[in-house]
Amino acid sequence: MTYNLTLHDNHAIFETEDGSRILVDTGVPYTFHTSSKWNFEGTNYTTHENMGNINVATVSTLAGTNITTLLGGDIMSKYKIAIDYHNLTISFESLNYEINEGEQVPLQKYQGGYLLLPVQINGQSVLGYLDTGAKISYISSQLTNGLVPNNLLEQDYYIGMGAYETNTFNTNATLSNGFTYEGKFGGQLPAQLASSFFGGQRQAIIGSDFFLACKKVWIDYSNSCIYIVS
């Protein structure tokens, strides 16, 4: 089924007929909702109401818009999903749906259900978390060498930690299929987040600027790949 999208501060949000207002976040492994059960696309799912200090009320406050649901990888992995930030639509298809458009780019799955995208940034080949919930992308400090920071700091937040600000750098990112786009990458994640997310080849978070650079992106959890329509 296809839904209309709204981009609120580069966060992808859609609404269902039952009044659910859903923020799409491939950067979280679990789905949070206003109750422990949620019916989506005709299927009843078990969802989280609270985990530590994370719930949809705190996410709504941080995002600056009311949501009922934070849609994470546990439910999204049950579908093939087409995200179109230009026509402002999102589509959910069954796992046996055949994607017949775009160029396939392989992903790697990481513990907890995260998706990692091979990408070259500032001359280094790294892995980046594919994160629709990130309003800007991020790179580790080792990828900022030689880059000139932008003049203004960017305001951002992380669920469970709160708001912070970061310097940013404009630089190109190139995927394994040769697709290149210019992204704005934060270079100053809070230390606790940087130590949690970055390590080994995992040196980036690929956020909204990637989805804005493509005409459409299909996410196929079941076959560990995306399809880029450029």
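The notes below deal with the structure included here.

Conventions we followed
- Residues numbered from 1 in each chain as written.
- Predicted model: local features only at pLDDT ≥ 70, side-chain atom pairs only at ≥ 80, totals over all residues.
- Heavy atoms only, no water.
- Helix = DSSP H or I, 4+ residues; strand = E, 2+ residues; numbered from the N terminus.
- Rg over C-alpha atoms; globule rule 2.2 N^0.38 Å.
- Buried < 20%, exposed > 50% of the residue type's maximum accessible area, 1.4 Å probe, protein only.
- Contact = heavy atoms within 4.5 Å.
- Phe/Tyr/Trp six-rings, centres within 6.5 Å; stacked < 30°, edge-to-face > 60°.
- Pairing = 2+ DSSP bridges.
- Axes fitted to C-alpha atoms, helices over the stretch in contact; angles between N-to-C directions.
- Core = buried A, V, L, I, M, F, W, Y, C linked by side-chain atoms within 4.5 Å.
- Salt bridge = Lys/Arg side-chain N within 4 Å of Asp/Glu carboxyl O.

## Some details on the overall build of the protein
Then step 1. On a plain count of helices and strands, the protein comes out with four helices and 21 strands.
Then step 2. Relative to the compact-globule value of 17 Å for 230 residues, the protein shows a C-alpha radius of gyration of 17 Å, a close match.
Then step 3. In terms of its C-alpha atoms, the protein occupies a principal-axis envelope of roughly 50 × 40 × 30 Å.
Then step 4. Classification of the 230 residues of the protein by burial places 53% in the buried group.
Then step 5. At a minimum sequence separation of 6, the contacts of the protein that also span at least 24 residues come to 60%.

## Considering the packing of aromatic side chains
Then step 1. For the structure on display, the rule yields 20 aromatic pairs.
Then step 2. When the centroid spacing of 5.7 Å and the interplanar angle of 85° are considered together, the rings of Y79 and F92 count as edge-to-face. Of this pair, Y79 sits in the loop between α2 (73-76) and β8 (80-84) while F92 sits in strand β9 (residues 89-93); the two residues are 13 residues apart in sequence, bridging distant segments of the chain. The same class applies to Y79 and to F92, which are both buried.
Then step 3. These aromatic residues form a ring-pair network of at least three members: Y3, F14, W38, F40, Y79 and F92.

## A closer look at the sheet that holds β9
Then step 1. With mixed pairing, the ten strands of this open sheet are ordered in space as β4-β7-β3-β2-β1-β9-β8-β20-β21-β10. Edge positions in the open sheet fall to β4 (32-33) and β10 (103-106), since each of these has one partner strand only.
Then step 2. Across the sheet, helix α1 (residues 56-63) lies against β1 (2-8), β3 (21-24), β4 and β7 (69-71), angled at about 85° from β7, the strand it touches most.

## Brief notes about unusual backbone geometry
Apart from glycine, the bulk of residues carry a negative phi angle, and the bulk of peptide bonds sit in the trans form.
Then step 1. Here N10, not a glycine, exhibits a phi torsion of approximately 70°, which is positive.
Then step 2. Topologically, N10 is positioned in the loop between β1 and β2 (11-15).
Then step 3. Its identity is not glycine, yet E41 carries a phi of approximately 55°, on the positive side.
Then step 4. Along the chain, E41 turns up in the loop between β5 (37-40) and β6 (43-46).
Then step 5. Using a relative accessible area of 29% as the deciding quantity, one classes E41 as partly exposed.

## Regarding the nonpolar core
Grouped burial of nonpolar side chains is what soluble globular proteins tend to show.
Then step 1. Counting residues in each nonpolar core, the largest one holds 45 residues, and the members touching the most others are F14, F210 and I226.
Then step 2. Each residue touching F14, except ones within four places of it in the same chain, is listed here: Y3, N4, L5, S20, R21, I22, V24, F40, L71, I90 and F92.
Then step 3. Core analysis: the second largest hydrophobic core is formed by 13 residues, Y114, L127, I136 and L189 among them.

## With respect to the pairing of β3
Then step 1. Alternating residues of β3 divide into R21 and L23 and I22 and V24, and every residue in both groups is buried.
Then step 2. In this structure, β2 lies alongside β3, joined through three bridges in antiparallel fashion. Within the sheet, the bridge partner assigned to I13 lies in β3 and is L23.
Then step 3. From the end of β2 to the start of β3, which pair antiparallel, there are five residues, and G19 there has a positive phi angle of about 95°.
Then step 4. Pairing of β3 with β7 involves three bridges; the strand directions are parallel. If you follow I22 over to β7, its bridge partner there is T69.

## Section: the pattern of salt bridges
Then step 1. Tallied over the entire structure, the rule returns six salt bridges.
Then step 2. Between D9 and K135 there is a salt bridge; the shortest N-O distance is 3.0 Å. Here K135 lies in the loop between β13 (124-130) and β14 (137-139) and D9 lies in the loop between β1 and β2, a separation of 126 residues in the sequence.
Then step 3. Residue D9 is classed as partly exposed on the basis of its relative accessible area of 44%.
Then step 4. Accessibility expressed as a relative area gives 10% for K135, which makes it buried.
Then step 5. Across the pair K135 and E154 runs a salt bridge whose closest N-O atoms are separated by 4.0 Å. Of the two residues, K135 is situated in the loop between β13 and β14 and E154 in strand β15 (residues 154-158); the sequence distance between them amounts to 19 residues.
Then step 6. The network of salt bridges with shared partners includes D9, K135, E154 and K184.

Honestly, it's all geometry; don't read function into it.
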